[in-house]
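Each chain, letter by letter, is given below.
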Amino acid sequence: MTVRLELFLADEAATMQLGEDLALALQRGDLVALSGDLGTGKTTLARALIRAMADDPELEVPSPTFTLVQSYETRIPIHHLDLYRLSDAGELEELGLIEALQSGAALVEWPEKGRLSAGIQLALEHEREGRRAIFTGDAERLARIERSLAIRNFLREQGWEDAQRRYLLGDASPRGYEIVSLPGHNQRILMNSPRLNLGPAVRDGKPYAVIAHTAQTVAAFVAIAEILRAAGFAAPEIYAADLEQGFLLVEHLGDGTFLENGEPVRERYVAAAGLLAAIHKHRWPREIVTGKARHIIPPFDRDAMSIEVSLLTDWYVPYVTGTPASDEFRSEYEALWNAALDRIATTETSLLMRDFHSPNIVWRGGRQGNDRLGILDFQDAMIGPSSYDLASLAMDARVTIDRQLESATVASYIAAREAEGPFDKEMFELSYATMAAHRNSKILGGFVRLDRRDGKPAYLKHLPRIRNYVRRALEHPGLADLKEFYERHGLLAEPSA
């Protein structure tokens, strides 16, 4: 379905801002057909869009009138085409436009010369002292643009209308993050978190996200941030929130990472383990009511644990074997996991962040104590085994953690807990191994799902690391039955070259 979107641009600054806002909405495969008479601002918009994509306000952006195409290695490759001198539409094939759209996006001036069918058409027309921008295109692409413009309106309401927006990162969910900058102010983070699409029912008439207790709105993030900050932990301050649209303007905690030269830094992982110990000593409310949001922290109950670990049978098994998991396989797998979870039914529980690993922890080395560690991405927090987040940290899904660093991280946590009083180390170690095996089994299936269902193949590169983590976790004697099952079915064998 073709839809239409219009807005008035009062001057050149507004045209440049539209180019920036459009840059934040583009994805691979997008083709923007840009048309308009001389003087309507096509060059101004194109230059602003490309500079925003490159995060370089001084980038030289020459007109591709004579070269026909100019390409830029940006967040996603952007290809700028000017077809004015195109003599025949058939020459488009020689320019490699189809191949370019497989990995990037394209901005095309004089699109009528190539008789292009574009998913996004943008016409600029003179209107009074300014110009009118008219978007037409398919509903999905224009919805992305409309949401980017809504973010600009949200910033306007906070007095940040003129802020520079730059892409920061996306994640495995539909959430996205931007850095917004305004002269005279510290940078802030814009969190763009649309209401969760629950998807189809998968078990007992319920969607996966409902069973797994995935947060459906940003209210969860706001509420968890409030209680973490109140307890003295370094979660972002929430400056402004639009819970209905899913926009947050929050504190930028810093740029420090857990890596140096691509390698994990022992001091930082050990410090994060100490932070977890402090979090798990705290008593957390189940219901949170703040000035901005109300939220009930869900339990990491058996249904949630079961649906998460089933990702391995639903997605990973067909990926590695070429055939769906049989009913017999599923039945034995579920029985073994239920038995394993029964063995840790009495383990200690606390607040678990769910993805407590390097991408979601900011290292702030110039600070002291727990303030050195900024905590991010906790909207899906639950009450469950305190060992879970330690397993997430010590077997970091995005970074290869060797046995020595894993042992140091776990030892740091246990020492901190034992220093505070009685601590059941034996039960905790079984719980840690069980949650590590559970989490990494879930991730094997989840990363394949991101590839097969969501078109995000980059996650597959992590599978060898995750398989190794599962093998390591299953070495605990209390998981011998699960280890035998995984080995019998060759689930963790590395594929032959």
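Relevant structure appears above.
Residues numbered from 1 in each chain as written. Predicted model: local features only at pLDDT ≥ 70, side-chain atom pairs only at ≥ 80, totals over all residues. Heavy atoms only, no water.

Visitor: When you look at the overall build of the protein in this model, what are you seeing that I'm missing?
Guide: When helices and strands are counted, the protein shows 16 helices and 22 strands. Taking 23 Å as the expected radius of gyration for a compact globule of 497 residues, we find that the protein reaches 25 Å, a close match to that expectation. Over its C-alpha atoms, taken along the principal directions, the protein stretches across nearly 75 × 50 × 45 Å. Going through the 497 residues of the protein one by one, you find that 53% of them count as buried. By sequence separation, contacts in the protein at least 24 residues apart represent 69% of the contacts at least 6 residues apart. Total accessible area on the protein stands at roughly 22,600 Å², and carbon and sulfur atoms take up 48% of it. For the protein, the distance from the average site of its 56 positive side-chain charges to the average site of its 72 negative ones is 2 Å. (Helix = DSSP H or I, 4+ residues; strand = E, 2+ residues; numbered from the N terminus. Rg over C-alpha atoms; globule rule 2.2 N^0.38 Å. Buried < 20%, exposed > 50% of the residue type's maximum accessible area, 1.4 Å probe, protein only. Contact = heavy atoms within 4.5 Å. Areas by Shrake-Rupley, 256 points an atom, 1.4 Å probe, with all protein chains shown as cover. Lys, Arg positive; Asp, Glu negative; His and termini not counted. Charge placed at Lys NZ, Arg CZ, Asp CG, Glu CD.)

Visitor: Looking at this structure, I do not really get the nonpolar core. What am I missing?
Guide: Where a protein is soluble and globular, its nonpolar side chains tend to be buried together. With 100 residues, the main nonpolar core has Trp337, Phe378, Leu393, Tyr413 and Tyr486 as its most contacted residues. One finds Ala25, Ile78, Leu122 and Ile145 within the second-largest nonpolar core, a separate group that totals 31 residues. (Core = buried A, V, L, I, M, F, W, Y, C linked by side-chain atoms within 4.5 Å.)

Visitor: Whenever I open this one, the pattern of salt bridges confuses me. Can you help?
Guide: Oppositely charged side chains can pair when the atoms bearing their charge come close. Tallied over the full model, the rule gives 38 salt bridges. Among the ionic pairs, Arg403 bridges to Glu475, the shortest N-O distance being 2.6 Å. On the criterion of sequence distance, the pair formed by Arg403 in helix 13 (residues 403-419) and Glu475 in the loop between helix 15 (463-473) and helix 16 (480-488) is long-range, its members being 72 residues apart. Residue classification places Arg403 among the partly exposed positions, given a relative accessible area of 42%. Linking Arg471 and Glu494 is a salt bridge whose minimum nitrogen-to-oxygen distance equals 3.4 Å. Here Arg471, found in helix 15, pairs with Glu494, found in the segment after helix 16; they are 23 residues apart in sequence, far enough to count as distant. The partly exposed category is assigned to Arg471, whose relative accessible area is 31%. Under the relative-accessibility criterion, Glu494 is labelled partly exposed at 39%. A cluster of three or more residues bridged by salt bridges with shared partners is formed by Glu20, Asp21, Asp55, Arg152, Arg165, Arg166 and Glu178. (Salt bridge = Lys/Arg side-chain N within 4 Å of Asp/Glu carboxyl O.)

Visitor: Sorry if this is basic, but what is going on with the packing of helix 12 (residues 387-394) against helix 13 here?
Guide: When two helices pack together, their arrangement is given by the angle between the helix axes and the distance between those axes. Running from amino to carboxyl end, helix 12 crosses helix 13 at an angle of 150 degrees, the nearest separation of the two axes being 9 Å. One finds that helix 12 runs roughly antiparallel with respect to helix 13. With respect to the hand of their crossing, helix 12 and helix 13 are arranged in right-handed fashion. Here helix 12 contributes Leu390, Leu393 and Ala394 to the contact with helix 13, which in turn contributes Glu406, Thr409, Val410 and Tyr413. By residue class, the composition of the contact of helix 12 with helix 13 is five nonpolar, one polar and one charged. (Axes fitted to C-alpha atoms, helices over the stretch in contact; angles between N-to-C directions. Parallel < 35°, antiparallel > 145°, perpendicular 65-115°, else oblique. Left-handed = near helix turned anticlockwise from the far one by under 90°. Nonpolar A, V, L, I, M, F, W, Y, C, P; charged D, E, K, R; others polar.)

Visitor: It is not clear to me how the packing of helix 1 (residues 12-25) against helix 2 (residues 42-54) should be interpreted in this structure. Could you clarify?
Guide: Put simply, helix 1 and helix 2 touch, their axes get as near as 7 Å, and they point 45 degrees apart. Considering their axes alone, helix 1 and helix 2 lie oblique with respect to each other. Considering how the two elements wind past one another, helix 1 and helix 2 form a crossing that is right-handed. Counting all contacts with helix 1, which are made through Glu12, Thr15, Met16, Leu18, Gly19, Glu20, Leu22 and Ala23, the residues of helix 2 involved are Thr44, Leu45, Ala48, Leu49, Ala52 and Met53.

Visitor: So what exactly am I meant to see when it comes to the side chain of Arg449 here?
Guide: Positionally, Arg449 belongs in helix 14 (residues 425-452). No salt bridge is formed by the buried Arg449. Its closest oppositely charged neighbour is Asp454, at 5.4 Å. Not counting the four nearest positions on each side in its chain, Arg449 is found in contact with Tyr208, Leu311, Trp315 and Asp454.

Visitor: Sorry, what's going on with a nonpolar patch on the surface here?
Guide: Among the surface-exposed residues, Tyr167, Leu168 and Leu169 lie close enough to one another that they form a single nonpolar patch of about 240 Å² accessible area. Relative to the elements of secondary structure, Tyr167 occurs in strand 8 (residues 164-170). (Patch = residues over 30% accessible without salt bridge, like charges linked within 9 Å, V, L, I, M, F, W, Y side chains within 5 Å.)

Visitor: For this particular structure, what's the right way to read the sheet that holds strand 1 (residues 2-9)?
Guide: Hydrogen bonds between backbone groups are what pair the strands of a sheet, and the pairing can be parallel or antiparallel. Within the open sheet, the seven strands sit side by side as 1-7-6-2-5-4-3. Their pairing is mixed. Both outer strands of the open sheet, strand 1 and strand 3 (69-72), are each paired with one neighbouring strand and no more. Strand-to-strand twist in this sheet, taken as the mean axis angle between neighbours without regard to direction, amounts to 15 degrees. In this fold helix 2 packs onto strand 2 (31-36), strand 3, strand 4 (78-82), strand 5 (105-109) and strand 6 (120-127), with an angle of close to 165 degrees to the strand it touches most, strand 4. The strands touched by helix 5 (residues 139-157) are strand 1, strand 6 and strand 7 (130-138); relative to strand 7, the strand with the most contacts, the crossing angle is about 140 degrees. (Pairing = 2+ DSSP bridges.)

Visitor: When you look at the packing of aromatic side chains in this model, what are you seeing that I'm missing?
Guide: The geometry of an aromatic ring pair is captured by the separation of the ring centres together with the interplanar angle, meaning the angle of the planes. Taken as a whole, this structure holds 15 aromatic pairs when the rule is applied. A ring pair is formed by Phe329 and Phe485, whose centres lie 4.9 Å apart and whose planes are at 55 degrees; its orientation type is tilted. Note that Phe329 is positioned in helix 11 (residues 327-343) and Phe485 in helix 16, a separation of 156 residues in sequence. The pair Phe329 / Phe485 is uniform in exposure class, with both members buried. Seen in terms of ring centroids, Tyr333 and Phe485 are 5.9 Å apart; in terms of plane orientation they differ by 40 degrees. Their pairing is tilted. Pair noted here: Tyr333 is in helix 11 and Phe485 is in helix 16, with a separation of 152 residues, a long-range link. For the pair formed by Tyr333 and Phe485, the shared burial category is buried. The rings of Phe329, Tyr333, Phe485 and Tyr486 are connected pair by pair, giving a single aromatic cluster. (Phe/Tyr/Trp six-rings, centres within 6.5 Å; stacked < 30°, edge-to-face > 60°.)

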